[in-house]
Every structure is written in C-alpha cells, then in structure tokens.
Amino acid sequence: MEKSCSLLIHFDKGTPAMANEIKESLEGNDIDRKIDALKKAIMLLLNGDTLPQLFITIVRYVLPSEDHTIQKLLLLYLEIIDKTDARGKVLPEMILICQNLRNNLQHPNEYIRGVTLRFLSRLNESELIEPLIPSVLANLEHRHPYIRRNAILAVMSIYKLPQGENLLVDAPEMIEKALTTEQDPSARRNAFLMLFTCSQERAVNYLIRNLDAVPQWGDLLQMVVLELIRKVCRSNPGEKGKYIKIIISLLNSLSTAVVYECASTLVSLSSAPTAIRAAANTYCQLLLSQSDNNVKLIVLDRLQELKASHRDVMVDMIMDVLRALSSPNLDIRRKTLNIALELITPRNIDEVVMTLKKEVVKTQSTDLEKNGEYRQMLVQAIHSCAIKFPEVASTVVHLLMDFLGDSNLASAMDVVIFVREIIQTNPKLRVSILVRLLDTFYQIRSSLVCLCALWIIGEHSLSLTEVENGLSTIKQSLGELPFYTISEDAEVTDFRSSATNKPQPPASMTVSSRRPAILADGTYATQSAASEIAIANPVILGSSDSTGNLRTILLTGDFFLAAVVACTLTKLILRLEEVQPSRADVNKAAAEALLIMVSMLRLGQSNVLPHPIDNDSYERISLCIRILTSPDDLLKRIWLQSCRESFVKMLADKQFREIEETKAKAQISHAQPDDLIDFRLLKNRKGMSQLELEDEVEDDLKRATGEFIKDGDSTNKLNRVLQLTGFSDPVYAEAYITVHQYDIVLDVTVINRTKETLQNLCLELATMGDLKLVERPQNYTLAPESSKQIKANIKVSSTETGVIFGNIVYETTSVLDRNVVVLNDIHIDIMDYISPATCPDGAFRSMWAEFEWENKVAVNTVIHDEKEFLNHIVRSTNMKCLTPLSALDGDCGFLAANLYAKSVFGEDALVNVSVEKQSDGKLSGYIRIRSKTQGIALSLGDKITLKQKG
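Residues numbered from 1 in each chain as written. Predicted model: local features only at pLDDT ≥ 70, side-chain atom pairs only at ≥ 80, totals over all residues. Heavy atoms only, no water.

In this section: the overall build of the chain. When its secondary structure is counted, the chain shows 40 helices and 18 strands. By residue count, 45% of the 950 residues in the chain fall in the buried class. For the chain, contacts bridging at least 24 residues in sequence account for 65% of all contacts bridging at least 6. As presented, the chain carries roughly 49,400 Å² of accessible surface, and 51% of it is formed by carbon and sulfur atoms. (Helix = DSSP H or I, 4+ residues; strand = E, 2+ residues; numbered from the N terminus. Buried < 20%, exposed > 50% of the residue type's maximum accessible area, 1.4 Å probe, protein only. Contact = heavy atoms within 4.5 Å. Areas by Shrake-Rupley, 256 points an atom, 1.4 Å probe, with all protein chains shown as cover.)

Laid out in structure tokens, this is it:
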C-alpha cells in the first residue's frame, strides 16, 4: 500500500546499501560514517524497504548523539518509519522516542528545539504527541523567535488533528494572546495563520480591532490577511465593503508580492470602476518596475483578463500598457500589442500610432538580433490601426514604405500588403503613395515584394505622368536589352575588345560572352561563359546599385516574376491608350514593352539559365504579347476593371468576416424571466462608501444583462456524467468530469447497494496517454446502502486523447478476500482542449511547411454536399474555417478549405479539407491534419474518422 510522505529524495538504485553494513556504521564512533549510514537508511525506507532491525540500533547508538546533522537526519528517519501496526495502534517501541523528543524540546540549543518542533508539526499520532504538549506550550514563550514561530506551527498542526481540540482546548486563546505581544514578523504571521485556519472568527475579530494598523504590518502577515479577506468575502459577500478599504490601503505596500495579491483580490471581490481602475494601475506599475520577464508575462495575463471583463476602464490605461514595449523580450512585446490593439478608440488612436511609429524608428537605429521580427509585429499592429481608423493611414504609410527593401522578408511583405490595402481604401493617398513607391522600387530585393509592388503600379497608375513614370521605372529596373548576347565571331570580338582595352560589361548586364581557352594539346578554342556567369553569380544581393533589381531577380530563373512584369506592362500600355492622345507615343511604348516580353521569352528558352521557363509563365507572357498586338475591348475591360473589382470584393469579404467575428465574441446573455427582483434602490445607503455604491450598481447591471447566468450549465453537467459500473454490481459508481486547462477533476459518486458494510473501499485509477494521477484516493468504509463522494485529480501535460481506467476494491466482513469491480474506461475528449482561432494565410502556410507530423484521413461520408460536409467537420472538430465564404461560393464539384485551432497549451492544429464530388454523387478526397506534436495530429484524426460520416 502506498503511503503519503512529505520527504522526496533522489536515490540511485544501482548500488543499494546492505542493512548489515548500515548497522555496523551506526554502531561505530565515527560521526561521518554515522551520517552516511543514516542517509542510506532513509533512502532505502523511501524506496520501500522496511529495515525493522535498524530501529533498536538507532535508539541505542544514534539517539544520544549531540551532532546537529545526526539529530536532523534522525528526525527525518522518525518521520518516514511506520509508527503504527496494521490495526492503527502505535507500536510499543515508539515510547522510547518520546523521552528523546521531550529532551530535545527542552534542549539549551535553539536549533535542536526548532527542528524538533517542526518535526512535531508533521507527526499525526496523538498518543506520541500528548506527553509532549507541556513542553511545546512552554516554547511559545521562549526568548528566541526561531523557536516561537515553530512552536506556533506545532500547536496549529496538533490542534488540527482529529483529537487535537481535546489535547489543546484553549489553543486559539493562547495563540491570540501571543499574537498581541509578538514582535517577530514570521512568528506573527504563523500566529495569525493559526487563527485563520483553526478559529476564523477570532482572526476576523482581531483584524477588525486592528484595521488601522494593517498597513504597518509585515508583508508576510499582510499576505495571510489578504487570504482571510478572500475567504470571508466569499462566504459573506455583504461584508466586503469594509475589507475592500483594507485592500486599497495595502496597494501602497513596499512589497511587490503584497501589491500583486491586493490587485488580484480587489478584482475578485469588486466590479466597481474605482476598484478595477486601482487594480489596473497597480498592474501597470508592476509591469514597469519588475525586471523579471516571467513576472511581466503574468501581469500581462491579468491585464488581458481585465480587458475582457472591464474594457471601458482599460481603455484609459492603454498608454501605460504600451510602456511594456521597452522590454527586449518578443513574447512580452507581442502580448502587449495584442492587448493594446483591442483597446483602441477614436480618442486614443493618435497617441497609439505615434508610439508605434517611434518604436518602428527605433528598430532602424539599434542592432538587436530580433529587430526584424519586432518590426514585423509593429507593421502588423499599424496595419490593424489603419484598417480600423483610415484617417491615421496618411501618418504612417510613408514611414513604413522605407522598409520595402528590408532584409527581413516577412516585414517587407507586411508593408507592401499594407500599402496595397491602404491605396485602395484611401483614394486621397493614391498619388503620394504611388510616387513614393516608384521612388523606393529600386530598393526592393525580394521577388515576392516585387510582385505585389508591380501589381500596385499596374492597377493604380491612372494619369499620363503616372503611367509614364511606371513604365520608366520598370525599364530601368530591367536594364539594357537583350538579357544575353551571342557573338557570331567570338574570337575576333574578344580579341578586339582586349586590344582596345575597353572595360567589360558586368555579369548582371551582359550575361553571355566568349573567351579563348587553351586545350590539353596546346590549341586554342572558344567556350561560352554565359551559363557559368548566370549560375555562379546571377544575383548580387545588397548591391549599392539601385537599378537592375528586376534584372537581378530574373537572372536567377524567377519567370513567375517575368510573367507579372509582362502583365504590369500590358496594363500600363492599355491605360496609356486611354490617357495619351498621341498614337505614336503609344506605339513606341508598346514596341518597347513587346521587346521586353520577347527578350524574357528568349531568356527562358535559352540554355543560359539552368532552369528553362515554365509553361504557365510562357503562356502568360504570350497572352500579354497577343493582347498588345491585337487589342480587344472585352480583354481591355477585364484587365483594367475586373482585377480591381476582384480585389475590392476580397477586402469587403475580409471586413465582413472581421465584423462577424466581433459579433460572435460579444457576450449574449439574458436574465431568466422568473428571476427574483432585488430593489436595491430602496435600500438605506446611509454609511456606505462610494466604492460600495459603485459595486452595487455594477452588480445590478450584471444581473440585468444576465452576466451571472451561465446558459446550459445544467445540461453540460448532465452530459459529463459517465456511468462507471453496472446497475447489478454490488457497488454502483458514476463520475462527473470537470476539465480545466491543465488538470481534470473526477467527482466519483460511489453507492453501496448491498446490506453489508464495505471496508477499505478504494478507488484505484490508472491512466494512459499524457495523463498523470496526482494523488491516490484514500480508503473508505461504506455503511449499507450509503454513498460517498470521492475526488481524483489528474494532471494533463499535452493535447492528446487519453484514457482513464481502473477498478473499485473493497472488503466485507463475511468474506476475507478483497472484491474487485472493474470500471468502464473514461475517454478524455481532445475537443475540451482546443478552441477555434484565426491566423493570417502566410502564417498558416509557413506552419504547414514547418510542422513535421501529418495525419491523412480519407473522406468516407454519407453526406453528398461539399459545403455541408465542411460545416459538419468544422462543428465536429471545434475548429475555425480560415477560407473566406466568397472562395467557397459556386457549385463546381470541388472544395478546398483550411481549418485552424489552438490548444490551451499553445499548440497549433492545422487541417486542410480537399473534397471532390464523384459522378455517382458521393464525396471523395482527403483531410490532412498537421501539428508540431504527434498527439494532437493523431487525436484529431481519430475524432474526424469517428465523426465524418455525419
């Protein structure tokens, strides 16, 4: 049988000591050998060995020792040995220990007395403690505070024993008397804790008598006072007014731990704006004064909770929260920005954006290693501000455009996407943004950023000057044509160039050249250096040359960019036909654009680059050539209008989804029609403080809006009751499961359905998966036809479907053997640990590429509609569909959607649903699940397999 023990020591089982060796060392006179032997004996006892033959040896040879280390180890030994027999009676030989303990309690050395008193606080046998009580009480008045504080703890533990009130009848009175005269902070804390634990009424009376002196008490005692206030106010909410005054007075304490506990207690007891504002101010001060990152993260979590329940109060604190951005830790900065973005209002938007702009500028001047990630977070935050409040876009967009050429690709992409959205939603900024974009276009060195920038140039260049500037910028970025040259008379050309000593063009400008080479037989030959140059040094990243960025990227073989360049040129030429009255100028520009497209096609079909042009890019560039050579009004309308209309529709869908999510997050709750009405306005408010009046008003508002009502609570409880045994079993058991974030609480009801008394009834549980039983339930005795509530705590360490199984073991008076009732298995559902969440498409794709665990589930369902099947999967998996509704419109027989959820442990769950309707009407395809850990991928796959049939 397992026994509870407060002592945990690591023990290496590889070299266990023998009992006779330990006995021999204990009988000797060497102090060091005795200490080593005692340690080995304690380790063996902790690992299950009883060692009964050592007890007498220890009594004879170890008890008389005066060494402090030996006395300390002796008390540890006495704590873990069995002091009772199988029937619960104290062993006779334990009487030998009592005299030694009494001598220690009267020992002249303070250390010996103190450790002995601490040992008594862990002793549970009343028969051993009773003869020692006079000595314990005498130590309450000892001159040394170390002894007094341990004596108070010993009195408290003795008083809490089943027979403790009989052993120490007037213990609370003695402790209260000692508390009034005690000066040591730790002893006063222990004394008040004893009153709080054993005689709460006395503790409350003492606190009320000393209300004015509480701020002068030590921080240890103040922490216990706060714990008492929380307990009293939960049991009697009507009295919290006088205690809240104490809490507010303690907010000025010098101890940060007391200040934090005061703020937490204030939030839990009161919903008055004054109290919440005081707590929020306290959290913000802690956020700035503490240097520990873990403390800052905890405080930010508390602010996040305040934001959810008291947003109006937190709006005024947004600038104080933003000061936490001074921390170099990215997690703190990310959490701070998330809190601040949800507190933005028209009143504070200007201050917030100004702060974010200052932070962006700081990322340019400092050389921290994670500046790029921080800049990306700031750009995303500014983007969110500009979408909510378009009037601030003009103050930030030009600053952010300086980062289009940022070496951090993610940051540059966020900037260019922000610019693309702002130029569409803010027509007044179109001209200035376009001019700035053309000026900074040469700095862009990323292909993805170039793609988006080219789209902006092609769509938003409307006037003649803008179109001409756009064409000029693209031509300069592409450099001189052609992209490579082939000389017919290579030897003459090369020797002529060497004779005239003309400088050779750079590799990025003239990709192909020929040079003489000496073969093995001594003859001359020519070899082409085109592909060698293109492969060996095709792109000079970070070049000081501001031109040729498109050319540099093209020479790496990026023909998708070439197709986008062709499309942009086509849009600009079509736009030029509308705004340019001179046909000759239009024809000249079209001829130059055609030359560029043909040159890109020749480059792609040549052997200069290691990878030839792909078919999609070839067809796209060829289409652009056909449009420019034979223009058509329908194609012109498609290229100049339909693209923009599609983008506007995408922005509208995005905004609609954000509005819907905001509505879904809003709390919808109503009071029940038969609820009692409390006319508090008719109550006498004489003597009530302003804080109490505010608190009552807030409570009235919460009751009116139904915030205190939890819809479906009783229904959820009934759904979580699981039957563990059969109705014909002698013991019936059922469990109510409460799932918290990191633990599961099983509330098991056990009913004795027999006419006999069940003895030593024990609920034995075991777990499979990442579940761990925290403590083993104790044994009980059940009378005939009686019931017992047994609670079991199970720790959860990851998001994985776990199984709890076990049995109930009991004994009866008629049968000596132990009876066993096997329990039904309890399956812990993964749905209790994941919740719908959102993430940007770019983040989803990067996580999809990064995560290594994938679970592929084939579609096998009786549902015949693709959208209905998708909705069924979303409901069954408790995930959120990231694919916009507009992308799922229509009836084409195919459907592809991305789902996303986040677990309470911060794990990401990604799901891709790809479905096709067959000719017979059935659906086929696959559901792919990816995650960073194996457990969540497997558990979600099992859930989908179970639920997908509908």
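Glancing now at the pairing of strand E18 (residues 923-931). Bridging between strand E14 (residues 853-858) and E18 involves 6 bridges; their strand directions are antiparallel. Paired with asparagine 855 across the two strands is isoleucine 929, which belongs to E18. Where strand E17 (residues 908-917) and E18 come together, 9 bridges link them in antiparallel fashion. The partner of alanine 909 across the bridge, within E18, is serine 931. Linking two consecutive strands that pair antiparallel, namely E17 and E18, is a turn of 5 residues; a positive phi of about 95° is found at glycine 921 within it. (Pairing = 2+ DSSP bridges.)

A pair of packed helices is captured by two measures, namely the crossing angle of their axes and the spacing between those axes. Packing of helix H17 (residues 273-289) against helix H18 (residues 293-309) leaves a shortest axis separation of 9 Å and a crossing angle of 155°. Between H17 and H18, the angle is such that the two are roughly antiparallel. Crossing of H17 over H18 shows left-handed handedness. For the pair H17 and H18, contact is made by Ile276, Ala280, Tyr283, Cys284, Leu286 and Leu287 and by Lys296, Val299, Leu300, Arg302, Leu303 and Leu306, respectively. Broken down by class, the residue content of the contact of H17 with H18 amounts to 10 nonpolar, no polar and 2 charged. (Axes fitted to C-alpha atoms, helices over the stretch in contact; angles between N-to-C directions. Parallel < 35°, antiparallel > 145°, perpendicular 65-115°, else oblique. Left-handed = near helix turned anticlockwise from the far one by under 90°. Nonpolar A, V, L, I, M, F, W, Y, C, P; charged D, E, K, R; others polar.)

One can find valine 169 in the loop between helix H10 (164-167) and helix H11 (171-181). Residue classification places valine 169 among the exposed positions, given a relative accessible area of 63%. Spatially, the C-alpha atoms of valine 169 and tyrosine 159 are 8.3 Å apart, while their sequence positions differ by 10 residues.

Bringing the packing of helix H1 (residues 19-27) against helix H2 (residues 31-46) into the picture now. Running from N to C, H1 and H2 cross one another at 145°; their axes reach a closest spacing of 8 Å. Crossing handedness for the pair H1 and H2: left-handed. Across the interface between the two elements, Ile22, Ser25 and Leu26 of H1 pack against Arg33, Lys34, Ala37, Leu38, Lys40, Ala41 and Leu44 of H2. Of the residues in the contact of H1 with H2, the class split is 6 nonpolar, 1 polar and 3 charged.

Let us look at helix H40 (residues 934-947). Along an α-helix, residues three or four apart share an orientation, since each turn contains 3.6 residues. The end-to-end C-alpha separation of H40 is 20 Å, in line with the 20 Å expected for 14 residues at 1.5 Å each. Of the positions making up H40, those classed as buried are Gly935, Ile936, Ala937, Ser939, Leu940, Gly941, Lys943 and Ile944. Considering only its buried residues, H40 is in contact with strand E13 (834-836), E14, helix H39 (866-877), E17 and E18. (Expected span 1.5 Å × (residues − 1).)

It is worth spelling out the pattern of salt bridges at this point. Inspection of every chain in the model, using the stated rule, returns 27 salt bridges. In this structure, glutamate 110 engages arginine 143 in a salt bridge whose closest nitrogen and oxygen atoms are separated by 2.7 Å. With glutamate 110 in helix H6 (residues 110-120) and arginine 143 in the loop between helix H8 (133-138) and helix H9 (145-159), this residue pair connects regions lying 33 residues apart in the sequence. Assessed through its relative accessible area of 64%, arginine 143 is described here as exposed. Among the ionic contacts, a cluster of salt bridges with common partners joins Glu173, Glu176, Arg202 and Arg209. (Salt bridge = Lys/Arg side-chain N within 4 Å of Asp/Glu carboxyl O.)

What follows concerns a nonpolar patch on the surface. On the surface, a cluster of nonpolar side chains totalling about 230 Å² of accessible area is made up of Leu634, Leu635 and Ile638. By relative accessible area, which is 37% here, isoleucine 638 ends up partly exposed. (Patch = residues over 30% accessible without salt bridge, like charges linked within 9 Å, V, L, I, M, F, W, Y side chains within 5 Å.)

What follows is about the packing of aromatic side chains. If you walk through the whole model with that rule in mind, you get 7 aromatic pairs. Geometrically, the ring pair formed by phenylalanine 844 and tryptophan 848 is stacked, given 6.1 Å between the ring centres and 20° between the ring planes. Note that phenylalanine 844 and tryptophan 848 are positioned in helix H38 (residues 841-850) at a spacing of 4 residues, about one turn of the helix. Through pairs of rings, three or more aromatic residues link up here, namely Phe192, Tyr206 and Trp217. Between arginine 333 and the ring centre of tyrosine 374, over which it is positioned, the NZ or CZ distance is 3.7 Å. (Phe/Tyr/Trp six-rings, centres within 6.5 Å; stacked < 30°, edge-to-face > 60°. Lys NZ or Arg CZ within 6 Å of the ring centre and 35° of its normal.)

As a further point, take the sheet that holds strand E5 (residues 743-752). Taken together, 5 strands build an open sheet; the order of strands is E3-E4-E5-E9-E7 and the sheet is antiparallel. Here the strands that pair on one side only, and so sit at the sheet edges, are strand E3 (721-723) and strand E7 (771-773). This sheet shows a mean twist of 30° between the axes of neighbouring strands, independent of strand direction. One ladder, built from 3 bridges, connects E7 with strand E9 (residues 787-796); its direction is antiparallel. When the sheet's bridge partners are listed, lysine 772 is paired in E9 with lysine 795.

Bringing the nonpolar core into the picture now. Counting residues in each nonpolar core, the largest one holds 208 residues, and the members touching the most others are Leu303 and Met597. If one sorts the elements of this core by residue count, helix H32 (residues 559-579) sits on top with 13 residues. Apart from the residues within four sequence positions on either side, methionine 597 is in contact with Ala566, Leu569, Thr570, Ile621, Cys624, Ile625 and Leu628. Counting 28 residues, the second largest nonpolar core, distinct from the first, contains Leu724, Leu771, Tyr780 and Ile828. (Core = buried A, V, L, I, M, F, W, Y, C linked by side-chain atoms within 4.5 Å.)

Here we take up unusual backbone geometry. Of the consecutive residues leucine 481 and proline 482, the connecting peptide bond is found in the cis state with omega at -5°. Structurally, proline 482 can be placed in the loop between helix H28 (464-478) and helix H29 (490-499). Located in the positive-phi region is asparagine 760, a residue other than glycine, with phi close to 50°. Tracing the sequence through the fold places asparagine 760 in strand E6 (residues 758-768). For asparagine 760, a relative accessible area of 32% translates into the label partly exposed.

The next point concerns H28. Relative to the 21 Å expected for 15 residues at 1.5 Å per residue, H28 spans 21 Å between its end C-alpha atoms, a close match to the ideal helical length. Within H28, the full set of buried residues consists of Glu466, Val467, Gly470, Leu471, Thr473, Ile474, Ser477 and Leu478. End-on, the buried residues of H28 take up no more than an arc of 160°, which puts them together on one face. Considering only its buried residues, H28 is in contact with helix H26 (430-440), helix H27 (447-460), helix H31 (549-554), H32 and helix H33 (583-605). Phi for glycine 479, located one or two positions after H28, is positive at around 80°. (Arc of directions from axis to C-beta.)

Inspection of the secondary structure puts methionine 600 in helix H33. The exposure class of methionine 600 is buried, given its relative accessible area of 1%. Look past the residues within four positions of methionine 600 in its chain and what remains in contact with it is Phe483, Leu554, Phe559, Ala562, Val565 and Ala566.

A word on the environment of isoleucine 246. With respect to the secondary-structure elements, isoleucine 246 resides in helix H15 (residues 240-250). Taking the relative accessible area as the measure of exposure, isoleucine 246 reaches 4% and is therefore buried. Sequence separation between isoleucine 246 and valine 225 is 21 residues; the distance between their C-alpha atoms is 9.4 Å. Excluding its chain neighbours within four sequence positions, the residues that come into contact with isoleucine 246 are Leu207, Leu211, Val214 and Ile229.

This prediction gives the chain a mean pLDDT of 79; 83% of its residues lie at or above 70. Across residues 525-547 the pLDDT falls below 50, and counting only partners more than four positions away or on other chains, this stretch makes 47 contacts in the model. Predicted confidence is poor over residues 706-715, with pLDDT under 50, and the contacts of this stretch with residues over four places away or in other chains come to 14 contacts. (pLDDT = per-residue confidence, 0-100.)

Assignment of secondary structure puts glutamate 182 in the loop between H11 and helix H12 (185-198). On the basis of relative accessible area, glutamate 182 is assigned to the buried category, the value being 9%. Looking at glutamate 182, its side chain comes within polar contact range of the side chain of arginine 148, at 2.8 Å. A polar atom in the side chain of glutamate 182 sits 3.0 Å from the backbone nitrogen of aspartate 184. Not counting residues within four places of it along the chain, the set of residues in contact with glutamate 182 comprises Arg148, Ala187 and Arg188. (Polar contact = N/O pair within 3.5 Å; in protein donor to acceptor, adjacent residues only side chain to side chain.)

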